[in-house]
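# Chain and residue survey
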There are 4 protein chains.
Amino acid sequence: MGITRLGHVELFTQDLDRAIDFYVDVIGMVETERVGGHAYLRCIEDRHHHSLVLTTVPEGNGCGHIAFRVESEDDLDRLRAQFEGEGLAVLEVEAEAERGQGRAIRVGDPFGFPIELYHAMDPAQRRPRTHGNRGPTRIDHVNLRIPVPVDEAVRYYRDRLGFMVSEFAEHPDQTTFAAWMHRKQTTHDVAWVQGPGTFIHHAGFYVPESHDVLDIADRMASRGMQHQIEFGPGRHGITNAFFSYIRDPDGNRIEIYSGDYLIADPDWEPIRWTAEEFEATGRLAWGSRPPESMYEGQPVADWSRSPAGAGA
Amino acid sequence: MGITRLGHVELFTQDLDRAIDFYVDVIGMVETERVGGHAYLRCIEDRHHHSLVLTTVPEGNGCGHIAFRVESEDDLDRLRAQFEGEGLAVLEVEAEAERGQGRAIRVGDPFGFPIELYHAMDPAQRRPRTHGNRGPTRIDHVNLRIPVPVDEAVRYYRDRLGFMVSEFAEHPDQTTFAAWMHRKQTTHDVAWVQGPGTFIHHAGFYVPESHDVLDIADRMASRGMQHQIEFGPGRHGITNAFFSYIRDPDGNRIEIYSGDYLIADPDWEPIRWTAEEFEATGRLAWGSRPPESMYEGQPVADWSRSPAGAGA
Amino acid sequence: MGITRLGHVELFTQDLDRAIDFYVDVIGMVETERVGGHAYLRCIEDRHHHSLVLTTVPEGNGCGHIAFRVESEDDLDRLRAQFEGEGLAVLEVEAEAERGQGRAIRVGDPFGFPIELYHAMDPAQRRPRTHGNRGPTRIDHVNLRIPVPVDEAVRYYRDRLGFMVSEFAEHPDQTTFAAWMHRKQTTHDVAWVQGPGTFIHHAGFYVPESHDVLDIADRMASRGMQHQIEFGPGRHGITNAFFSYIRDPDGNRIEIYSGDYLIADPDWEPIRWTAEEFEATGRLAWGSRPPESMYEGQPVADWSRSPAGAGA
Amino acid sequence: MGITRLGHVELFTQDLDRAIDFYVDVIGMVETERVGGHAYLRCIEDRHHHSLVLTTVPEGNGCGHIAFRVESEDDLDRLRAQFEGEGLAVLEVEAEAERGQGRAIRVGDPFGFPIELYHAMDPAQRRPRTHGNRGPTRIDHVNLRIPVPVDEAVRYYRDRLGFMVSEFAEHPDQTTFAAWMHRKQTTHDVAWVQGPGTFIHHAGFYVPESHDVLDIADRMASRGMQHQIEFGPGRHGITNAFFSYIRDPDGNRIEIYSGDYLIADPDWEPIRWTAEEFEATGRLAWGSRPPESMYEGQPVADWSRSPAGAGA
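Rules and cut-offs
Residues numbered from 1 in each chain as written. Chains lettered and ligands numbered in written order. Predicted model: local features only at pLDDT ≥ 70, side-chain atom pairs only at ≥ 80, totals over all residues. Helix = DSSP H or I, 4+ residues; strand = E, 2+ residues; numbered from the N terminus. Rg over C-alpha atoms; globule rule 2.2 N^0.38 Å. Buried ≥ 20, exposed ≤ 12 C-beta atoms within 10 Å, placed from the backbone. Contact = placed C-beta atoms within 7 Å. Nonpolar A, V, L, I, M, F, W, Y, C, P; charged D, E, K, R; others polar. Least-squares fit on C-alpha atoms with pLDDT ≥ 70 in both. Pairing = 2+ DSSP bridges. Axes fitted to C-alpha atoms, helices over the stretch in contact; angles between N-to-C directions. Parallel < 35°, antiparallel > 145°, perpendicular 65-115°, else oblique. Left-handed = near helix turned anticlockwise from the far one by under 90°. Domains from an automatic or database assignment. Arc of directions from axis to C-beta. pLDDT = per-residue confidence, 0-100.

A count of helical and extended segments in chain A gives 5 helices and 17 strands. The C-alpha atoms of chain A give a radius of gyration of 18 Å, which matches the 20 Å a tight globule of 312 residues would have. When its C-alpha atoms are laid out on the principal axes, chain A stretches across 50 × 50 × 35 Å. Going through the 312 residues of chain A one by one, you find that 58% of them count as buried.

Following this line, the structure appears as structure tokens:
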């Protein structure tokens, strides 16, 4: 009932061909369709039309929207009413306004993020994992930053949208500075982290095994893209993930993500990290320190003024 | 609501110390507690008291019960009434009758399998994945055999117990001879396969990566247990799993299981295999043929007459 | 001085395009050149023109020649004289008779195998391991069968050609029925095994990690070639290799081979296996039994009558 | 003839028990023997008494000696004469002065490093790879720093000691600032790098697969030793190695090393890196930058004054 999982993200590019080459040839995703200034890509095990939309923009980079799939068309009506009851402006998106997708609604969430909700999407061919490059099998999560403690965002996504917390980290004053929240039974569909601004830190794509993380790094190095491997591979204590952070050719950061765990118990007790534990082993379990650039992120489209992005 | 996942299985042993040594030292599980003729083991990421009960018996091997966790205590009352309405005899199991577990109910399902349902269980320390041997992170599924097409079992577990089908295989007459059913968001908590009798074929334990499957095989070989590696490692086309089948020292078969996929969409359309496809690539994707012993299984306790096993 | 390593093998095919597709697209090798009825392939880390020659034949399959690289041109003269002193007929092969190769000599060894020795070969571009498919990094060994104990072959290859024994297996009467012999510092360049005839059992190609063995099996399955995975993956006790045995489209058997060890000590004491140990864990460490077809092999060109194969 | 491979290193510790715990329990080595203030450890596939000597010292850390194995006892006499002819002081080390070792000679090389040469060493039980922790299978190399271009060291180790260069990096003036040199058929037994002083940068231990590098990092993290993971895991462009750099409890740096290649051709043409290429991808193929501490190293015993270390 309600949101079931992160469905797709829309990332901006100044050069659509270059971006497609990167996500298909290097990362290992599959191009479903290219229409106008948009390309629709999916991961190799996806059975739907897209989990990544690349949209041409004249300058800059960033994220056009973050889309969660809901269980039924009725959820769209229910959530539309809920958002409007909260005073949020909701945009109705007609079927096929975003290629391959049924009717959707869009809303700027109270924290500044452009959220889309949809149920219907055209089917697409799921591929055997191993036809060629071993790429991501699915989109996993987005990591969002806001310049204040995340308690309010956690409350909103939990109480209004049904997300559950898998792990969280607290300031000494017991406000929360980071939380991993999920609808699907993994550690997260969305992570909230207090940071220097309102932005998307990364979109995470899942690969099944640790050597898949290494393979993507090797493919990047073999194409002279080593400087786009921003950080990693490494291990997060939180979620246990084995990761690397990569910049696409437009500077959008993605995470190649592996090694977290299933949460099948609805009464899962969130794992709590103190600020001290977070610094010692939570953020990074193996001691490496990230470069300064890792504290930056990419802008998100501002829907409080006017909708943008694919199909708008 | 209702069943959330496979919780644990009870396997019979004639030599408890030998069985514990095997599951802890070779397979890599954790001993929580040993009481009377029972040992309670868990997987390394388990946060509950046990996912495997080893119970001493004078002879033979087999499975004492198969336990599913339910979302709440209320589910126990609701399911008790449901079973009784179907004319099934339900046994009430007091808290701590099975060590570490709250109140439970037991029922012989219509197909001959001893099912337990429980909600409450003592917490246990989740371990970092890598303190010592890399063992299974969780129990994953049971594979059950009945001597007739499985359509009725699928219908019962779907319509009465809320399971969903991830993949299934059909006879030419469109009766189903195998089905993989899940409550947690993996390919299965229980698989039903038509076979030469009513028995448990194996209990499956999950390891995160393919090399973990190999490591367990190597640990067995290094201890002279190579003949207990009954089949594999190999790849199932169905579920995409990378597996090996292992006999414990009492001859109970377990599967070391890795590499299947997440099913986060409640409207997942089951993947259909014809009998021909099943034989060609579904059962085994890489062409190896199993030994004859792989068609056998282990008996399950008969609760239509009188309950047996841990706490009974 | 003398032989340094196995250099290449020549395998027969009835359909050159199909064979190239298999070795390049599925196995992951690199095509250097295609000339007449021959294709010259190399492994991804090779720095020479070829380590596999595919030669078109009207029917059948098998091996045209087995080529060892020698340290210098002088070795060719020295070994030619040595062979002739033994009464063996030596064929001089002009430079470029086999494309990319300098002068070579060919001889039928006393056990019936067509051996080529060469030093000079055109350089070729070594590839980063990870441009696309992760294929074999180098040719590793040939496994040869003769219908008698292998003591004489071991003696000849050791005393006359400088090979060393890494591991061997003995009959109860202390004759040797299998021996792994090397010039490069791995467990073998050539294995001799007593079997039902004189034939090549397989050519072995090396991959760096166990998941590379699995990836090739998955690539085969994803192309409907699962029945060409004849046996494995599995573990040999002898050499500790993690392997799978694969038939190419013409039925030539190759081994995808990983996980053996470096032998840097010239005084390495060969590891001895009794027949009983060989059966229990030596041949196969994990208990699986091979299909009957694994006892067969492919014919080798008969050079005692007239030379055949590439460049002849 | 002459040196065959790096045989062992001696590292200093202020707390022998703590050091043994680290190398055995965390890294996965095997303790052969503990005598007086020394512990003798080996890697899991070693067939000799030790490849690491831990020696108790009152303060500091560092390396007591670097030992190469020679092919025969005669080599000791020949090399003793050669060193003395060069005006180097040679110390004779009696059998068993270093436990388990036959007669040896020690010399301070012209660049300030304490070198031992030996042939005979007691045999030790080679272990199956997988009895417990998957630790290093063998010692691989030492990485040595001198404050000047390394051309002279390369010439000396090549022309006088028979080493071959696998890869090297040049200043724009064509002096060499780094070179990887080998006797065994891997990329190196010793690396020479121009740096800020005369010291040992690390001793490298080999693990077979990339996940073994990750497992050791995870074992360290699970024991609270994450800050001793100084850098990595990462990929070197040079040698293609997948590595992590680790400090032992005394601050001695070791490298967990995997993924380089076999060099079976005696006429291997060294791979040349310009300073620019070295910076771009040679040193680190994936773009991560090391912490400042990675430019430091540990002192080596000064044998130009008086011999120190195990057995002296």
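With that settled, the discussion passes to the interface of chain C and chain D. Contact residues are listed per partner, giving 20 residues for chain C and 20 residues for chain D. In terms of residue class, the side of chain C that touches chain D is made up of 5 nonpolar, 7 polar and 8 charged.

This part covers the environment of Arg 80 of chain C. Residue and element names in this part refer to chain C. On the secondary structure map, Arg 80 appears in helix H2 (residues 73–85). The class for Arg 80 is partly exposed, based on 17 C-beta atoms found within 10 Å. Residues Arg 80 and Glu 92, 12 residues apart in the sequence, show an inter-C-alpha distance of 8.9 Å. Aside from chain neighbours lying at most four places away, what touches Arg 80 is Val 90 and Ile 105.

What follows is about the relation of the copies chain A and chain D. Superposing chain A onto chain D takes a rotation of 180° plus a shift of 0.0 Å along the axis, which leaves an RMSD of 0.0 Å. The relationship between the two copies is best expressed as a two-fold rotation axis. Among all residues of chain A, the one whose C-alpha sits closest to the rotation axis is Pro 233 of chain A, at a distance of 3.3 Å. A shared interface surface links the copies, since 100% of the contact residues of chain A are contact residues in chain D too.

Our focus in this paragraph is the relation of the copies chain C and chain D. One chain copy maps onto the other through a rotation about an axis and a shift parallel to that axis. The transform that puts chain C on chain D rotates by 180° and translates by 0.0 Å along the axis, for an RMSD of 0.0 Å. When the interface residues of chain C are mapped onto chain D, 100% of them again fall at the interface, so both copies present the same face.

The subject of this paragraph is the sheet that holds strand E12 (residues 190–194) of chain C. All names here are of chain C. Taking strand neighbours across the sheet as the criterion, the 9 strands line up as E14-E15-E16-E13-E9-E12-E11-E10-E17 in an open arrangement whose pairing is mixed. The open sheet terminates on both sides in strands that have one partner only, identified here as strand E14 (229–235) and strand E17 (271–274). Strand after strand, the sheet turns through a mean of 15° between neighbouring axes, direction not considered. In the sheet, strand E9 (residues 138–146) pairs with E12 via 5 bridges, with the strands oriented parallel. Bridge assignment links Val 142 to a residue of E12, and that residue is Val 190. Helix H5 (residues 275–282) rests against strand E10 (164–170) and E17 of the sheet, and its axis sits at about 95° to E17.

Between helix H4 (residues 210–222) of chain B and helix H4 (residues 210–222) of chain C, the shortest axis-to-axis distance is 10 Å and the interhelical angle comes to 115°. Taken together, the axis directions place H4 of chain B and H4 of chain C in an arrangement best described as roughly perpendicular. Seen along the crossing, H4 of chain B lies across H4 of chain C with a hand that is right-handed. Seen from H4 of chain B, the contacting residues are Ser 210, His 211 and Leu 214 of chain B; seen from H4 of chain C, they are Ser 210, His 211 and Leu 214 of chain C. Within the contact of H4 of chain B with H4 of chain C, the residues separate by chemical class into 2 nonpolar, 4 polar and no charged.

With an omega of 5°, the peptide bond running from Gly 232 of chain A to Pro 233 of chain A counts as cis. Tracing the backbone through its elements, the reader meets Pro 233 of chain A in strand E14 (residues 229–235). In this structure, Gln 174 of chain C takes a positive phi of about 70° despite not being glycine. Here Gln 174 of chain C lies in the loop between E10 and strand E11 (176–182). Among the residues examined, Gln 174 of chain C registers 9 C-beta atoms within 10 Å and is labelled exposed.

This next bit is on the domain arrangement of chain A. Residue and element names in this part refer to chain A. With domains assigned, chain A is organised as domain 1 (3–118) and domain 2 (138–295). Here domain 1 and domain 2 have C-alpha centroids that lie 20 Å from each other. Across the contact, 29 residues belong to domain 1 and 29 residues belong to domain 2. Of all elements in the fold, only strand E1 (3–13), helix H1 (16–26) and strand E5 (63–70) reach the threshold of two or more residues within the side of domain 1 that touches domain 2. Top contributing element to the side of domain 1 that touches domain 2 by residue count: E1, with 9 residues. Among the residues making up the side of domain 1 that touches domain 2, the classes are represented as 16 nonpolar, 8 polar and 5 charged.

By a widely used convention, the size of an interface equals the accessible area lost when the partners come together. Counting residues at the interface gives 20 residues for chain A and 20 residues for chain D. At the level of elements, helix H4 (210–222) and E14 of chain A are the ones that each hand at least two residues to the side of chain A that touches chain D. Per-element accounting of the side of chain A that touches chain D gives the leading share, 6 residues, to H4 of chain A. Split by residue class, the side of chain A that touches chain D holds 10 nonpolar, 7 polar and 3 charged.

For the rest of this paragraph, the subject is the sheet that holds strand E8 (residues 114–118) of chain D. Residue and element names in this part refer to chain D. Ordered in space as E2-E3-E4-E1-E5-E8-E7-E6, the 8 strands form an open sheet in which the pairing is mixed. Strand pairing shows two members of the sheet lacking a second neighbour, strand E2 (30–35) and strand E6 (90–93), which therefore form its edges. If you compare each strand with its neighbour and ignore which way they point, the axes differ by 25° on average. The pairing of strand E5 (residues 63–70) with E8 spans 4 bridges and is classified as parallel. Looking at the pairing, Ala 67 lines up with Glu 116 of E8.

Residue and element names in this part refer to chain A. Assignment of secondary structure puts Ser 244 in strand E15 (residues 242–247). Assessed through the 24 C-beta atoms surrounding it within 10 Å, Ser 244 is described here as buried. Between the alpha carbons of Ser 244 and Val 9 there is a distance of 19 Å; along the sequence they are 235 residues apart. Each residue touching Ser 244, except ones within four places of it in the same chain, is listed here: Val 213, Ala 217, Ile 229, Gly 232, Pro 233 and Ile 256.

Residues and elements named next belong to chain A. Those residues of helix H3 (residues 151–160) that sit buried are Ala 153, Val 154 and Tyr 157. All buried residues of H3 lie within an arc of 100° about the axis, which places them on one face of the element. Away from the buried face of H3 by more than 90 degrees, exposed residues Arg 155 and Asp 159 are located. Where H3 is buried, its residues meet strand E9 (138–146), strand E10 (164–170), strand E11 (176–182) and strand E12 (190–194). At the exit of H3 stands Gly 162, carrying a positive phi of roughly 85°.

Residue and element names in this part refer to chain A. Within chain A, residue pLDDT values average 94, and 96% of them lie at 70 or more. Ignoring residues within four places in sequence, the model shows residues 306–312, a span with pLDDT below 50, making 19 contacts including any to other chains. Across the whole predicted complex the pTM is 0.96, and at the interface the ipTM reaches 0.95.

Another point: the environment of Leu 144 of chain D. Residue and element names in this part refer to chain D. One can find Leu 144 in strand E9 (residues 138–146). Residues Leu 144 and Gly 100 lie 44 residues apart in sequence; the distance between their C-alpha atoms is 26 Å. Setting aside residues up to four positions removed in sequence, Leu 144 forms contacts with Phe 113, Val 190, Ala 191, Trp 192, Ile 200 and His 201.

Our focus in this paragraph is the pairing of E9 of chain C. Residues and elements named next belong to chain C. Counted residue by residue, E9 has 8 buried out of 9 residues, so it is predominantly covered. Bridging between E9 and strand E13 (residues 199–206) involves 7 bridges; their strand directions are antiparallel. Residue pairing for E13: Arg 145 is matched across the bridge by Phe 199.

Residue and element names in this part refer to chain D. For helix H1 (residues 16–26), the set of buried residues is Ala 19, Phe 22, Tyr 23 and Val 26. An end-on view of H1 places all buried positions within 115° of arc, on one side of the element. Residues of H1 that are buried sit in contact with strand E1 (3–13), strand E3 (38–42), strand E4 (52–56) and helix H4 (210–222). Downstream of H1 by a residue or two, Gly 28 has a phi angle that is positive, lying close to 100°.

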